[in-house]
Amino acid sequence: TNIKDSLQELTIFKEINIAGAGFLNFKINPDSIVNYLNEIIKLNSNYGKSQKNNKKVLVEFVSANPTGPLTVGHGRGAILGDTLSTVFEWNGYQVQREYYYNNAGRQMRILGESVKARYLDSIGLNGDFPDDGYQGNYIYEIANDLIKEHKKTLCDRNTIFKKTAEEYIFKNIKNTLKNIGIEFDTFFNENTLYKNKEIYKIIDQLDAKGLIYNKDEAVWFAGNKVGRENDRVLIKKTGEPTYRLPDMAYHVDKMKRGYDLCIDIFGADHMDAYPDVLEVVNQLGYNKSKIKVLIHQFISILKNGKQVKMSTRKATYITLDELINEVSSDVVRYFFIMRNVNSHLNFDLDIAKEKSEKNPIYYIQYANARINTILNSNKINLNNYNLSLLNQEDDIKLIYKLIDFKEIKIKVKDIMEPQILANYLLELSSMFHKYYAKNRIMNDNNLELTKARLIFIKSISIVITNGLTVLGISAPESM
């Protein structure tokens, strides 16, 4: 009884009843709930944003070497990384988006040889195309550009083929990223770690800890000594480092830069390598818990219910640009994060092109457009309104959903799963569509109720728009 009497002083509760020994039943005061709409209206585009804190986050994603165009496989990691970056920004963090790449090594050498072979073929000479060369049309395009600029004078200038290919491909990569609404703050070149000898410093530091040994003319990391399942070659007998070594040096460099959190977005093909990298970071005295690795699964493109076959070797992949041009950036961004990161993603082109409730992002955007069509055609002065008129069960449920947005934003940050926000927006839009079908917004017989409902749906539009903004998706006011 004492607890009941104390709680009844709070205006949030309409009624408190004792229900048996040790139990209380609460009824929420609707007025305390509907007044949250005032906060949404007041904050508008800032509703859901947290105050800035001093924590810094580095998000590394895409990180494809400039050997070819970005494919749909790269796209999932790109959208995931960019969306999480925005989520952390909305939670008050200072975020840096970083792209890590390598323009040297075997892959780039083969790229240059591939372009040179196509160049020689095109000028009537016999180009010796490498067995594992790059076969995409872009190789011919680069070769033809070289012919236009230099005619037939490049036969013995090997370096220009790789250099031109790299510049051409990286320009296209950046254009694709811009096409999907992604801008990076920094581009970190792996070659930096070779020039400043950082990769060899890693070897020296591990050696000082007794975690390096030589075997079969190669340099090995003694992973078994620190709980890893296998020892790993870090420098081959040819003297060439394996890809793990520069990755280790890169992550140590991240730690030295003083971020509170470093997020890595990798494809499933990195599943085996990153634990070794994190363990080396740990052995060198850094806090590996500051590095969060997200592994996303592969994508299948479906058309007419059947999987579209793709092969990187045969250059039959679908580029990210092609997919964007086929269905729009908004659709690509939503579809790429609407499933759990750890789940294989089936991208159904037929559904993606639908302009109906079958297409989730269309359904969400249409809810926002429907609201704004009503608001933009309204001539009623909304300076004074009575939110207490929104006291029906449908009203309260929807308002609770709007209040959830702030918690959803925090949950996505904590779990690092943007699917939660995508699902939330779909559920909110569905609730609005059902509400709209059941309740008249413009009520000729009750001006005060009309004003309250206009404020209500404006609040819904604000939350949908803010949610889509976090996902990097537009919120059109008409469709």
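Just above sits the structure.
Now for a look at the structure at hand. (Residues numbered from 1 in each chain as written. Predicted model: local features only at pLDDT ≥ 70, side-chain atom pairs only at ≥ 80, totals over all residues. Heavy atoms only, no water.)

1. Digging into the overall build of the protein chain
Formally: Helix numbers and strand numbers start at the N terminus; a helix is a DSSP run of H or I with at least 4 residues, a strand a run of E with at least 2. By definition, residues are in contact when any of their heavy atoms lie within 4.5 Å. Note that accessible areas follow from Shrake-Rupley with a 1.4 Å probe, and for residues the cover is restricted to the protein chains shown. Positive charges come from Lys and Arg alone, negative charges from Asp and Glu alone, with His and the N- and C-terminal ends not counted. A charge is said to be at NZ when it belongs to Lys, at CZ for Arg, at CG for Asp and at CD for Glu.
Within the protein chain, the regular secondary structure consists of 18 helices and 13 strands. Expressed along its principal axes, the backbone C-alpha trace of the protein chain runs to roughly 85 × 55 × 40 Å. Intrachain contacts of the protein chain at a sequence separation of at least 6 include 73% that bridge at least 24 residues. Only carbon and sulfur atoms are counted for the fraction: they give 46% of the accessible area of the protein chain, which is about 24,000 Å². Computed over 64 positive and 58 negative side-chain charges, the separation of the two mean positions in the protein chain equals 2 Å.

2. Focus: the pattern of salt bridges
Pairing of side chains with opposite charge becomes possible as their charged atoms draw close. The line we're drawing: Salt bridges are defined by distance alone: a side-chain nitrogen of Lys or Arg within 4 Å of a carboxyl oxygen of Asp or Glu. Residue burial is assigned from relative accessible area. The probe radius is 1.4 Å, only protein chains are included, and a residue is buried under 20% of its type maximum, exposed over 50%, and partly exposed in between.
In the structure shown here, the tally under the stated rule is 28 salt bridges. Measuring nitrogen to oxygen at the nearest pair gives 2.8 Å for the salt bridge that ties D276 to R228. Placement of the pair is D276 in helix α11 (residues 274–283) and R228 in the loop between β7 (218–221) and β8 (232–235), with a sequence separation of 48 residues. The residue E279 makes a salt bridge to K288 at a minimum N-O spacing of 3.2 Å. You can call K288 partly exposed: its relative accessible area is 32%. Residues joined in a network through salt bridges with shared partners are R228, R232, R244, D272 and D276.

3. Regarding the sheet that holds β8
Convention followed: Only strands joined by at least two bridges in the DSSP assignment are considered to pair. Fitting a line to C-alpha atoms yields each axis, with helices limited to the stretch in contact; the angle taken between N-to-C directions then spans 0 to 180 degrees.
The strand order across the open sheet built from three strands is β6-β7-β8, with neighbouring strands paired in antiparallel fashion. Each end of this open sheet is capped by a strand with a single partner; those strands are β6 (212–215) and β8. Averaged over all neighbouring strand pairs, the angle between strand axes comes to 45°, with direction disregarded. Both β6 and β7 contribute to a ladder of four bridges, which runs antiparallel. From the neighbouring strand, I212 faces β7, where its bridge partner is F221.

4. Regarding the nonpolar core
Here is the rule: Only buried residues count toward a nonpolar core, which is a set of Ala, Val, Leu, Ile, Met, Phe, Trp, Tyr and Cys residues joined through side-chain atoms within 4.5 Å.
In this structure, F336 and F347 are the most contacted members of the largest nonpolar core, which totals 112 residues. Other than its neighbours up to four places away in sequence, F347 contacts I299, S300, I301, L302, L323, V327, V331, V332, F335, F336 and A352.

5. With respect to the packing of aromatic side chains
For clarity, the threshold we go by: Under the pairing criterion, centres of Phe, Tyr and Trp rings, with the six-membered ring standing for Trp, must be within 6.5 Å; the plane angle then separates stacked pairs below 30 degrees from edge-to-face pairs above 60, leaving the rest tilted.
Per the stated rule, a full pass over the model turns up 22 aromatic pairs. Ring centres of F336 and F347 lie 5.7 Å apart, and the angle between their planes is 80°; this geometry places the pair in the edge-to-face category. Taken as a pair, F336 in helix α13 (residues 329–337) and F347 in strand β13 (residues 345–348) lie far apart in primary sequence, 11 residues in all. Judged on exposure class, the residue F336 and its partner F347 are both buried. By way of ring pairs, the aromatic residues F61, Y99, Y101, F170, F184 and F187 are connected into one cluster.

6. Looking at the packing of helix α10 (residues 244–256) against α11
The condition that has to hold: Our angle categories are set so that under 35 degrees counts as roughly parallel, over 145 as roughly antiparallel, 65 to 115 as roughly perpendicular, and the remainder as oblique. Note: crossing handedness is left-handed where the near helix turns anticlockwise from the far helix by less than a right angle, and right-handed where it turns clockwise. Residues are grouped as follows: nonpolar covers Ala, Val, Leu, Ile, Met, Phe, Trp, Tyr, Cys and Pro; charged covers Asp, Glu, Lys and Arg; every other residue, Gly included, is treated as polar.
Here α10 crosses α11 at 50°, and the two axes come no closer than 9 Å. By the angle class used here, α10 and α11 are oblique. Both α10 and α11 take part in a crossing whose hand is right-handed. For the pair formed by α10 and α11, the contact residues are R244, D247, M248, H251, V252 and M255 on the first element and D276, V277, V280 and V281 on the second. Along the lines of polarity and charge, the residues of the contact of α10 with α11 split into six nonpolar, one polar and three charged.

7. A closer look at the sheet that holds strand β10 (residues 291–296)
Reading across from one edge, β5-β4-β3-β9-β10 is the order of the five strands in this open sheet, with parallel pairing throughout. Edge strands, defined here as strands with exactly one partner in the open sheet, are β5 (186–189) and β10. Across the sheet, the mean angle from the axis of one strand to that of its neighbour is 25°, orientation sign disregarded. Sheet topology places strand β3 (residues 56–60) next to strand β4 (residues 94–101); five bridges connect them, and they run parallel. In the sheet register, E60 faces β4, and the bridge partner there is E98. Here helix α4 (residues 72–90) sits on the sheet and contacts β3, β4, β9 (261–267) and β10; the angle it forms with β4, its principal contact strand, is near 160°.

8. Details of the pairing of β9
Among the seven residues in β9, seven count as buried, and that is most of the element. Of the two faces of β9, the one holding L261, I263, I265 and G267 and the one holding C262, D264 and F266 are both buried throughout. Strand direction decides the pairing type here: β3 and β9, joined by four bridges, are parallel. Considered in β9, the bridge of V57 is made with L261. Examined bridge by bridge, β9 and β10 share six bridges and lie parallel to one another. Note on β10: the bridge partner recorded for D264 is V293.

9. Considering unusual backbone geometry
Working note: non-glycine residues mostly have negative phi, and peptide bonds are mostly trans. One non-glycine residue with positive phi stands out, namely S63, at about 50°. Of note, S63 is situated in the loop between β3 and α4. If you check the backbone angles, M416 has positive phi at about 60° while not being a glycine. Tracing the sequence through the fold places M416 in the loop between α16 (393–415) and α17 (419–438).

10. Some points on the environment of Q392
Here is the rule we go by: Counted as a polar contact is a pair of N or O atoms within 3.5 Å, where, for protein atoms, one must be capable of donating a hydrogen and the other of accepting one, and residues adjacent in sequence contribute only when both atoms are in side chains.
Relative to the assigned elements, Q392 resides in the loop between α15 (360–376) and α16. What makes Q392 partly exposed here is its relative accessible area of 47%. Put simply, Q392 and D128 are 264 residues apart on the chain and 76 Å apart in space, counted from C-alpha to C-alpha. A polar contact is formed between the side chain of Q392 and the side chain of N391, at a distance of 2.9 Å.

11. Some details on the packing of α13 against α15
Orientation of α13 relative to α15, taken along the N-to-C sense of each, is 115°, at an axis distance of 9 Å. Seen along the crossing, α13 lies across α15 with a hand that is right-handed. Contact residues: α13 offers D330, V331, Y334 and F335, while α15 offers P360, I361, I364 and Q365. Residues that form the contact of α13 with α15 fall into these classes: six nonpolar, one polar and one charged.

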